[in-house]
Amino acid sequence: GENVEQHPSTLSVQEGDSAVIKCTYSDSASNYFPWYKQELGKRPQLIIDIRSNVGEKKDQRIAVTLNKTAKHFSLHITETQPEDSAVYFCASYYGSGNTGKLIFGQGTTLQVKP
Amino acid sequence: DSGVTQTPKHLITATGQRVTLRCSPRSGDLSVYWYQQSLDQGLQFLIQYYNGEERAKGNILERFSAQQFPDLHSELNLSSLELGDSALYFCASSPRTSGAYEQYFGPGTRLTVT
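Below or above, wherever it landed, is the structure these notes cover. These numbers come from a predicted model, not from an experiment. (Residues numbered from 1 in each chain as written. Chains lettered and ligands numbered in written order. Predicted model: local features only at pLDDT ≥ 70, side-chain atom pairs only at ≥ 80, totals over all residues. Heavy atoms only, no water.)

**Quick word on the pattern of salt bridges**
Reasoning step 1: Inspection of the entire model under this criterion finds nine salt bridges over all chains.
Reasoning step 2: Across the pair Asp84(A) and Arg61(A) runs a salt bridge whose closest N-O atoms are separated by 2.9 Å. In this pair, Asp84(A) sits in the loop between strand 8 (72–77) and strand 9 (86–96) while Arg61(A) sits in the loop between strand 6 (56–59) and strand 7 (62–67), placing the two residues 23 residues apart along the sequence.
Reasoning step 3: On the basis of relative accessible area, Arg61(A) is assigned to the partly exposed category, the value being 23%.
Reasoning step 4: In the salt-bridge network here, residues are joined through shared partners; they are Arg63(B), Glu82(B) and Asp85(B). (Salt bridge = Lys/Arg side-chain N within 4 Å of Asp/Glu carboxyl O. Helix = DSSP H or I, 4+ residues; strand = E, 2+ residues; numbered from the N terminus. Buried < 20%, exposed > 50% of the residue type's maximum accessible area, 1.4 Å probe, protein only.)

Here is the structure:
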């Protein structure tokens, strides 16, 4: 069935260090992998995404890598800042055309200590 | 601000009651998705509508139903409410272009069942 595993569940880093969150998906037909940041009580906010025909994508301090063979994808945040503290969710999109759904990982609580 | 609106922000009701949650997608978006976020279950996909038509379904309970109207706003109806239905309910919308999978979330409705 459709499943996304996310690790670790919590991550604590010092300001300026890098943070890495990893996800594994189950269905090889999945073709789109977004990452969302959610602050307490607020909406999930799309921060970066990658499609299955690309291996890596970067946007300033954040990057996402995808290994289709292993069905793994990862979020990398460099030079972390206290405002990066939030819950991060990976997701995998199942569908095509205008029909589909996102299956989310369980979330990673990132704490950046000043 | 994602451009997706949801009302009400908070809802407190008793077990056995029925409530309706409302969502307006971003201007021009035809797809609306509903998600439930509870503490122990993470973000769970409920249902998707595209231009008024149901397109994808997740583990949505039979007590829950949804529809999308001609003006593209959507409503999620929850009936015979139980304590376990207490959660944050998010809707999201995505661009009309086929193959544009990115989803933008609204601010959510917090439902408390007492």
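Moving on, there is more to tell.
**Here's the deal with the pairing of strand 9 (residues 87–94) of chain B**
Residues and elements named next belong to chain B.
Reasoning step 1: Of all the eight residues making up strand 9, eight are buried; the element is thus mostly covered by neighbouring parts of the structure.
Reasoning step 2: Across the two faces of strand 9 the burial is the same, with Ala87, Tyr89, Cys91 and Ser93 and Leu88, Phe90, Ala92 and Ser94 all buried.
Reasoning step 3: Alignment of strand 4 (residues 31–38) against strand 9, held across seven bridges, turns out to be antiparallel. The residue bridging Tyr35 from the neighbouring strand is Phe90, located in strand 9.
Reasoning step 4: Where strand 9 meets strand 10 (residues 104–105), two bridges bridge the pair, whose relative direction is antiparallel. (Pairing = 2+ DSSP bridges.)

**As for the side chain of Gln48(B)**
Reasoning step 1: Following the sequence through the fold, Gln48(B) ends up in strand 5 (residues 42–50).
Reasoning step 2: With relative accessibility at 0%, the residue Gln48(B) sits in the buried group.
Reasoning step 3: A distance of 2.7 Å separates a polar side-chain atom of Gln48(B) from the backbone oxygen of Asn98(A).
Reasoning step 4: A distance of 3.1 Å separates a polar side-chain atom of Gln48(B) from the backbone nitrogen of Gly100(A).
Reasoning step 5: If we ignore the near neighbours within four places in the chain, the residues touching Gln48(B) are Asn98(A), Thr99(A), Gly100(A), Ser31(B), Val32(B), Tyr33(B), Glu53(B), Glu54(B), Arg55(B) and Ala56(B). (Polar contact = N/O pair within 3.5 Å; in protein donor to acceptor, adjacent residues only side chain to side chain. Contact = heavy atoms within 4.5 Å.)

**A look at the state of the cysteines**
Residues and elements named next belong to chain A.
Reasoning step 1: Scanning the entire structure with this criterion turns up two disulfides over all chains.
Reasoning step 2: Here Cys23 engages in a disulfide with Cys90; their sulfurs sit 1.9 Å apart. Its S-S torsion of about -100° marks the bond between Cys23 and Cys90 as left-handed, since a negative value means left-handed. Taken together, the positions of Cys23 in strand 3 (residues 19–25) and Cys90 in strand 9 put the pair 67 residues apart, joining distant regions of the chain. (Disulfide = S-S within 2.5 Å.)

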